[in-house]
There are 2 protein chains.
Amino acid sequence: MAVYTEVSDEDLSAFAAQYDIGEILSCKGIAEGVENSNFQLVAEKGSYILTLYEKRVNPADLPFFLGLIEHLADRGVQCPRPIHALDGEALKSLSGRPAALVTFLSGMWPKRVQPFHTAELGRALAEMHVAGADFEISRENALSVSSWRPLLDACKGRGEEVLVGITAQLEAELDWLEANWPTDLPAGVIHADLFQDNVFFRGENLTGLIDFYFACNDQFAYDVAICLNAWCFEPDLSFNITKARRMLKQYAKVRDFSATELDALPLLARGAAMRFLLTRLYDWLNRPEGALVTPKDPLEFLARLRFHQGVKSPGEYGLD
Amino acid sequence: MAVYTEVSDEDLSAFAAQYDIGEILSCKGIAEGVENSNFQLVAEKGSYILTLYEKRVNPADLPFFLGLIEHLADRGVQCPRPIHALDGEALKSLSGRPAALVTFLSGMWPKRVQPFHTAELGRALAEMHVAGADFEISRENALSVSSWRPLLDACKGRGEEVLVGITAQLEAELDWLEANWPTDLPAGVIHADLFQDNVFFRGENLTGLIDFYFACNDQFAYDVAICLNAWCFEPDLSFNITKARRMLKQYAKVRDFSATELDALPLLARGAAMRFLLTRLYDWLNRPEGALVTPKDPLEFLARLRFHQGVKSPGEYGLD
């Protein structure tokens, strides 16, 4: 649950007057989301999402994020499009925070994933990778392999509070990942956080990808590996090969998924599991007293990591 | 912040199919509100608010609440109107909770109250009192004078944790309120919780009254006294007679505000301050560990109570 910043009537009116959207008819805080304050804003000329960027977002990254979704929307990717103010700017400020207005997308995120969801996801992910190829701004992946050791160190051995023996297991895994991590796979802009709550559907059709605030430049197949972790495990943490197969097949129809990328998939999937395990572990150990947001369970990603460690060949993900 | 119940895709689709609203295009949890789970639902045929009633609402009261807003909407009061399902029922269930769909009202609640707000409020409050006169269901006010002593007793002298000496002060005030509380003023359906977040405006025009979940049968002037407490004090807790005057004058233009009611206003205002002070005090002393909702400060109403105790004549509220 979010909405951290309360916006005064006067501030909101002054903000809206900078845009050609007409009078504001309604502006309600959205309960979902944990990083920023989001509002569903209805104005005379349409419906929008108003986002106030809270302190976890680096303002220097905002031109990348807003430029990226505009670039993608221009190329037909189903994602929010920034609304430019009358002066041409897409980034403004509101109540002391950087703020932006983007188009409202219909659809809802799937609470229970079915294979048709992952098929659509695979297609949309590949379309995003292709469309982002010529985006001119770049942003380093701050949560890639080189960041994992410092993250684990920052947990200062306190991983044992979550599971006895986890620190040694993760250190051994990190040694292996660091030694084997590829650097020469096809790369470009990736979403890097395409979990269910960031993908909207109407019926069986994908209607939008949202929340590009982890997007960065990295190897495309790593984004695929993140989606394998995010979409292809059941609530009991068992792997669902049907969901993976449909996702990978649709992906490969849009963007050539090379043999080298496929071979790297088990390794990349281990890395993706490690990345979410470590950030969740860190957040779990450092949750503030009285926090409004309940941290997510890091051990869900330990189960995924163990599955990927047991994968003998990339065919086990469903793509031959 | 609310949204306590997560609704599955299948449950939501099955729920919507009971209504003539078309396909659901979007359904987002609303961050505001503390009692129930509220969603802004956009469907092909319009925008709606979907409410799931959580455990603090007694299901036996729902026919009163839903019947009331339909009755009021039929008579032109600006409030949500329940949407009837295809079988004629306005009360359904969703994800194991009683649930209802009502029309979406445009407008926003005022974060900073200005005199034009209280003028509009006075008019709308009186219109609601008049329109509710012939509503046939009744509901006792569970939070009127007879409930205050048990509420104070339930705090078991722990009021001292908030302010030393407060228990004795409140007991003396309660003695006086119980001895002097009127029972013969004009009565009917009152809202009983018309704070800012329950009143929407577009510019200087009131567009809606919402959240009738404390509505009940009681003396009209007590509702006016609640609004005096809710709308006519500044953030520094000083009384603003201009706001009160404009509210009372507009109220009296729509519904005759008798001399007897005016004479009772200081007493009723003390009672209204006591009512919110006590429920806030109780919630403050009984807040659960790790609660998502921060309890409101009870002492804000002790300041109001002291102001009303010092009122020498009802003219001090601005109406002669």
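Residues numbered from 1 in each chain as written. Chains lettered and ligands numbered in written order. Predicted model: local features only at pLDDT ≥ 70, side-chain atom pairs only at ≥ 80, totals over all residues.

## Things to note about the packing of helix 3 (residues 115-131) of chain B against helix 6 (residues 220-231) of chain B
Residue and element names in this part refer to chain B.
Here is step 1 of the chain: One way to put it is that helix 3 packs onto helix 6 with a least axis distance of 11 Å and a crossing angle of 160 degrees. Taken as axis vectors, helix 3 and helix 6 run roughly antiparallel relative to one another. The handedness of the crossing between helix 3 and helix 6 is right-handed. On helix 6, the residues touching Thr118, Leu121, Leu125 and His129 of helix 3 are Phe220, Asp223, Val224, Cys227 and Trp231.
Here is step 2 of the chain: Per-class residue counts for the contact of helix 3 with helix 6 are six nonpolar, two polar and one charged. (Axes fitted to C-alpha atoms, helices over the stretch in contact; angles between N-to-C directions. Helix = DSSP H or I, 4+ residues; strand = E, 2+ residues; numbered from the N terminus. Parallel < 35°, antiparallel > 145°, perpendicular 65-115°, else oblique. Left-handed = near helix turned anticlockwise from the far one by under 90°. Contact = placed C-beta atoms within 7 Å. Nonpolar A, V, L, I, M, F, W, Y, C, P; charged D, E, K, R; others polar.)

## What to know about the environment of A:Asp11
All names here are of chain A.
Here is step 1 of the chain: Note that aspartate 11 resides in helix 1 (residues 9-16).
Here is step 2 of the chain: Residue aspartate 11 is classed as partly exposed on the basis of its 17 C-beta neighbours within 10 Å.
Here is step 3 of the chain: Between the C-alpha atom of aspartate 11 and that of serine 93, which follows or precedes it by 82 residues, the distance is 9.7 Å.
Here is step 4 of the chain: Filtering out sequence-adjacent residues up to four positions away, aspartate 11 remains in contact with Leu94 and Ser95. (Buried ≥ 20, exposed ≤ 12 C-beta atoms within 10 Å, placed from the backbone.)

## Focus on the interface of chain B and chain A
Here is step 1 of the chain: Chain B puts 22 residues into the contact, and the matching count from chain A is 22 residues.
Here is step 2 of the chain: The element best represented in the side of chain B that touches chain A is strand 1 (residues 24-29) of chain B, accounting for five residues.
Here is step 3 of the chain: A class-by-class count of the residues in the side of chain B that touches chain A yields nine nonpolar, six polar and seven charged.

## Remarks on the relation of the copies chain B and chain A
For these two chain copies, the linking operation is a rotation about an axis paired with a shift along it.
Here is step 1 of the chain: By a simple turn and slide, chain B fits onto chain A: the slide is 0.0 Å along the axis, the RMSD is 0.0 Å, and the turn is 180 degrees. In short, the pair behaves as if placed about a two-fold rotation axis. Relative to the rotation axis, the C-alpha of B:Ala31 is the closest in chain B, positioned 2.1 Å from it.
Here is step 2 of the chain: Of the interface residues in chain B, 100% have counterparts in chain A that sit at the interface too, so the contact is made through matching surfaces. (Least-squares fit on C-alpha atoms with pLDDT ≥ 70 in both.)

## Section: the sheet that holds strand 3 (residues 46-52) of chain A
Residue and element names in this part refer to chain A.
Here is step 1 of the chain: Overall, antiparallel pairing links the five strands, which are arranged 1-2-3-5-4 in an open sheet. Looking at the sheet topology across the chains shown, the edges are occupied by strand 1 (24-29) and strand 4 (92-94). Averaged over all pairs of adjacent strands, the angle between their axes in this sheet comes to 35 degrees, without regard to strand direction.
Here is step 2 of the chain: Of the pairings in the sheet, the one linking strand 1 to strand 2 (residues 37-43) comprises five bridges and is antiparallel in character. Residue serine 26 lies in a different strand from strand 2, and its bridge partner there is valine 42. (Pairing = 2+ DSSP bridges.)

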